[in-house]
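# Summary of the model geometry
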Amino acid sequence: MSKENSRRNFLKKGLEATAFAMLATTEANAFSSQIPGRDEKDSRHIGQKGKHFVMVLDLRKCIGCQACTSVCKIENEVPEEQFRTFVTETEIGEFPDVRKAFLPQLCNHCDEPACVPVCPTGATFKREDGIVVVDNDVCWGCGYCISACPYDKRYFNKRTQTADKCNFCAQRVDKGLLPACVETCIGGARVFGDINDKNSEVYRLMHSFSTSVLKEAQGTKPQTFYIGLDSRVEELFSTTQSLDDIVKAEEGFKREWEKARREAESHG
């Protein structure tokens, strides 16, 4: 097992133990264990039965225009300087054979999400259609899911005071629309759909081209797939995330979380 994977498993187990201890010692009236949306069988929380939504990102078509980043912030009212999705731009190769490379990033909506089992309130969960969401009415902002995510794609929303991330624009998908980032992608690099539907574009792409996922060794089974992912870009991403894990291990995620809270409070 790699050092990175061992460190992640250690953190996950530690968070699970801490969450259990908090549940065992917290007074019953401190929070509600009820999950309103799911208890009431709200379709927004249950999802679309029989479907399994995934996203395919064709890096051959991504031009790094950041249209996806901008429209996501508008659609989901993401606070300033925070992002649900963005496109990393880097350079690979050696002179004179050098080129730019782009890596769109978002929640991977994993089949085995590391964020779900560490949530002490059940606010983070996976719908029946595979979309991983956060229920802001139940989340109390403890930050466990943020620290547990191997991809660092969760953040503390300054406005809602809860954990936040990409939800595949579930509010649009449930109405038969595409996620905002997919609809505005100029190059057509982002493709979204039901992988169970053999007539869908995502099914065709997945069965026509070789695809990759980020940090496969984590075992979370990401449902965001990349076509044309250069190994050098993937290595750069993994190295950056490993450094982030080291910082969390050395300084403690609690300190990082408290800093985010103070920043949120200072913004009113």
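Refer to the preceding data block for the structure.
Throughout what follows, the structure given in this document is the object of discussion. Remember, it's a predicted structure, so these values are computed and weren't measured experimentally. (Residues numbered from 1 in each chain as written. Predicted model: local features only at pLDDT ≥ 70, side-chain atom pairs only at ≥ 80, totals over all residues. Heavy atoms only, no water.)

## A few points about the overall build of the chain
For the chain, the helix and strand inventory stands at ten helices and ten strands. Counting only residues that meet the buried cut, the chain has 49% of its 268 residues in that class. A total accessible area of about 14200 Å² is found for the chain, and carbon and sulfur atoms account for 51% of it. (Helix = DSSP H or I, 4+ residues; strand = E, 2+ residues; numbered from the N terminus. Buried < 20%, exposed > 50% of the residue type's maximum accessible area, 1.4 Å probe, protein only. Areas by Shrake-Rupley, 256 points an atom, 1.4 Å probe, with all protein chains shown as cover.)

## Let's talk about the packing of aromatic side chains
Using the criterion set out here, one finds two aromatic pairs in the structure. For the ring pair Phe53 and Phe192, a centre distance of 5.2 Å and an interplane angle of 15° mean the geometry is stacked. Taken together, the positions of Phe53 in strand β1 (residues 53-58) and Phe192 in strand β8 (residues 190-194) put the pair 139 residues apart, joining distant regions of the chain. A relative accessible area of 6% places Phe53 in the buried class. (Phe/Tyr/Trp six-rings, centres within 6.5 Å; stacked < 30°, edge-to-face > 60°.)

## Re the sheet that holds β8
Judged by pairing direction, the sheet is mixed, and its four strands sit side by side in the order β8-β1-β10-β9 without closing on themselves. Of all the strands in the sheet, the pair left with one neighbour each is β8 and β9 (211-212). (Pairing = 2+ DSSP bridges.)

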